[in-house]
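# Structural overview for review
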Amino acid sequence: MKALRWHGEGDIRLDNVDDPTILDPQDAIVRITRSAICGTDLHFIRGTMSGMKEGTILGHEGVGVVTEVGAAVRRFAPGDRVIVSSTMSCGVCWQCRAGHTAQCDTANPNGPQAGSCVFGGPQPTGPIDGLQAEYARIPWASNTLTAIPDNVSDEQAILLSDIFPTGWFGAELAGIRRGDTVAVYGAGVVGQFAIASAFRQGASRVFAIDSVETRLVLALDQNADVINFNREDPVQALMDATLGIGVDAVIDAVGVDAQRPSSGPAAAESEQLAERFAQEVAEVAPRTNVQGDNWVPGNAPSQVARWSVGTVRKYGRIGIIGVYSPEAMSYPIGQAMNRNLTIRLGNCDHRSVTPPLLDLVASGVFDPTRFITQHEPITDVVDAYLTFDRREEGWLKTVLTVEG
Ligand SMILES: NC(=O)c1ccc[n+]([C@@H]2O[C@H](COP(=O)([O-])OP(=O)(O)OC[C@H]3O[C@@H](n4cnc5c(N)ncnc54)[C@H](O)[C@@H]3O)[C@@H](O)[C@H]2O)c1
Ligand SMILES: [Zn+2]
Ligand SMILES: [Zn+2]
């Protein structure tokens, strides 16, 4: 079958590989019909999330049809349409029963303390071959898969594999309450779903901060107030807009590849931190492979952390869903301490967050497909990665069509 594999920083290839087989009674095999490219995948290729094993099939977002099940899989049968959750979970350990499916004690082959087990990720997350392929082996299939109702299309379902639940989870981490004023850093697709989720969870005003105009326009379409950090200083703008109080809650939907402003009133202050940021980049990305405009690591890993702490009100709440690698050590903890902030963060508990969101989609209340900007056949996946990585205008979310 065809599968996109990681061969090194800046080196991904669509290879012909053997079809996956059942290795454990808890496994299922799924013929993938839709996959998608995620900002998380970019970290692995830019080198800002290290520890990838050569040959790992990339991708953690997938929808498809079950073709085979292991002897212990009782909930699914060949022919079932399913969403594959990005994180694997057993469903029966105490973490899973508490709804903490991203911290399942059983799924990660590196042991119960190893943290999230993710498709197509680095060694400490498995490694488990991913979903940008024609077929995939799904460990712990009974809990990792979710059945798709007939009235939900594959196009809708693919956004329930990771992105919608993650945006929702980000708003939950930020503890959104009725009437809140919220700042969402990052207007990528995760930021867009965080904006939608914050409104649905009761926020009355949401500010979206980014520098990519087409992404800010999409945020504006959702009735967010938008701030381009290359034109305005987000800290000043948010303070001015909130009577100097700050926002109630912040959602960081950027992560380790954060950039600092290249122009505008915030550029000078960030420029003074350039050396410190460069040191952070060296820590999180010991190996990179920049090729022209591609695979360039973000130049300011702690920029959003600094702005988040600087723009939330005293006793405010910060939810971090943007991914930071274990090597990321910089956070303005003293400032957060002095202002009595609450900071919550982590990988989305996909499997426990998804079901009510699937109901929202099935009932026609919320159509997530409005955020899909590109449909590409899997045969064009490398080109699609290159364009998405350059944050080209108009490229927000690419769904890959797979012909099994
Ligand atoms: N926690 C989870 O379970 C989970 C799941 C999925 C994705 N993620 C993470 O969410 C993040 C966003 O994913 P995505 O697919 O939207 O990625 P993306 O790369 O499309 O979007 C990131 C956005 O951040 C913007 N940005 C860069 N520097 C900024 C700054 N200083 N201030 C404000 N915005 C800035 C970029 O312009 C871009 O639009 C990634 O870090 C990804 O790994 C986390
Ligand atoms: Zn993803
Ligand atoms: Zn578990």
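Keep in mind the model is a prediction, meaning the values are calculated, not measured.

Rules of the game
- Residues numbered from 1 in each chain as written.
- Chains lettered and ligands numbered in written order.
- Predicted model: local features only at pLDDT ≥ 70, side-chain atom pairs only at ≥ 80, totals over all residues.
- Helix = DSSP H or I, 4+ residues; strand = E, 2+ residues; numbered from the N terminus.
- Rg over C-alpha atoms; globule rule 2.2 N^0.38 Å.
- Contact = placed C-beta atoms within 7 Å.
- Domains from an automatic or database assignment.
- Nonpolar A, V, L, I, M, F, W, Y, C, P; charged D, E, K, R; others polar.
- Buried ≥ 20, exposed ≤ 12 C-beta atoms within 10 Å, placed from the backbone.
- Pairing = 2+ DSSP bridges.
- Right-handed = clockwise from strand over helix to strand, strands pointing away.
- Axes fitted to C-alpha atoms, helices over the stretch in contact; angles between N-to-C directions.
- Parallel < 35°, antiparallel > 145°, perpendicular 65-115°, else oblique.
- Near = placed C-beta within 6 Å.
- Arc of directions from axis to C-beta.
- Core = buried A, V, L, I, M, F, W, Y, C linked by C-beta atoms within 7 Å.

Bringing the overall build of the chain into the picture now. When helices and strands are tallied, the chain shows 14 helices and 15 strands. Taking 404 residues into account, the globule formula puts the C-alpha radius of gyration at 22 Å, and the chain, at 20 Å, falls close to it. Viewed in the frame of its principal axes, the chain has a C-alpha envelope of about 60 × 45 × 40 Å. Put simply, of all contacts in the chain between residues at least 6 apart along the chain, 76% involve residues at least 24 apart.

With that out of the way, let us pick up the domain arrangement of the chain. Looking at the assigned domains, one finds that the chain contains domain 1 (2-162 + 349-401) and domain 2 (166-345). With centres defined by C-alpha atoms, the gap from domain 1 to domain 2 works out at 25 Å. Facing 27 residues of domain 1, the contacting portion of domain 2 comprises 30 residues. No other element matches the six residues that helix α1 (residues 39-46) contributes to the side of domain 1 that touches domain 2. Of the residues that constitute the side of domain 1 that touches domain 2, the class distribution is eight nonpolar, nine polar and 10 charged.

Right, let's talk about the pairing of strand β12 (residues 312-320) for a bit. Within β12, seven of the nine residues are buried, leaving the element largely enclosed by the surrounding structure. Looking at chain direction, strand β11 (residues 247-252) and β12 are connected through five bridges and run parallel. Opposite Asp252, over in β12, you have Ile320 as the bridge partner. Across four bridges, β12 lies against strand β13 (residues 342-345) in parallel orientation. Within β13, the residue paired with Arg317 across the bridge is Thr342. Following the backbone out of β12, through helix α12 (residues 333-338) and into the adjacent parallel β13, one traces a crossover that is right-handed.

Here we take up the sheet that holds β11. Taken together, six strands build an open sheet; the order of strands is β10-β9-β8-β11-β12-β13 and the sheet is parallel. Sheet topology places β10 (225-228) and β13 at the edges, where each strand pairs with a single neighbour. Shown here is a sheet whose adjacent strand axes are inclined to one another by a mean of 20°, direction ignored. Sitting on the sheet, helix α5 (residues 163-173) is in contact with β11, β12 and β13, with an inclination near 150° to β12. Lying over the sheet, helix α6 (residues 189-200) contacts β8 (181-185), β9 (205-210) and β11, oriented at roughly 170° with respect to β9.

Running from N to C, α5 and helix α13 (residues 350-362) cross one another at 100°; their axes reach a closest spacing of 9 Å. Our classification of the angle between α5 and α13 gives roughly perpendicular. Along its contact with α5, which presents Phe164, Pro165, Trp168 and Phe169, the element α13 presents His350, Val353, Thr354 and Leu357.

With that out of the way, let us pick up the site of ligand 1. Within the structure, ligand 1 sits among 33 residues, and Gly39, Thr40, Gly188, Gly255 and Val323 are positioned closest to it. Elements represented by at least two residues in the shell around ligand 1 include exactly α1, α6, β9 and α11 (303-311). If you tally residues by element for the shell around ligand 1, the top one is α1, at four residues. Tallied by class, residues from the shell around ligand 1 come to 16 nonpolar, 13 polar and four charged. Taken domain by domain, the makeup of the shell around ligand 1 includes at least three residues from each of domain 1 (2-162 + 349-401) and domain 2 (166-345).

Right, let's get into helix α10 (residues 274-284). The complete set of buried residues in α10 reads Phe277, Glu280 and Val284. Relative to the axis of α10, the buried residues are bounded by an arc of 55° and lie together on one face. Facing away from the buried side of α10 by more than 90 degrees, the exposed set consists of Glu275, Ala278, Gln279 and Ala282.

One ladder, built from seven bridges, connects strand β3 (residues 28-36) with strand β4 (residues 62-69); its direction is antiparallel. The residue bridging Val30 from the neighbouring strand is Val66, located in β4.

Here the focus is unusual backbone geometry. The omega torsion of the bond from Gly126 to Pro127 falls at -10°, within 30 degrees of zero and hence cis. Within the fold, Pro127 resides in the loop between α2 (94-97) and β6 (135-138). For Tyr315, which is not glycine, the phi torsion reads 65° and is therefore positive. Within the fold, Tyr315 resides in strand β12.

So, about the nonpolar core. In globular proteins that are soluble, nonpolar side chains generally tend to be buried together. The biggest cluster of nonpolar side chains holds 123 residues, and the ones touching the most others in it are Val30, Val182, Val184, Ala198, Phe207 and Ile251. For this core, the element with the most residues is α6, which contributes seven residues. Counting the residues that make up this core, at least three belong to each of domain 1 (2-162 + 349-401) and domain 2 (166-345). The residues contacting Val30, other than those within four sequence positions of it, are Gly64, Val65, Val66, Thr67, Val82, Val84, Tyr135, Ala136 and Ile138.

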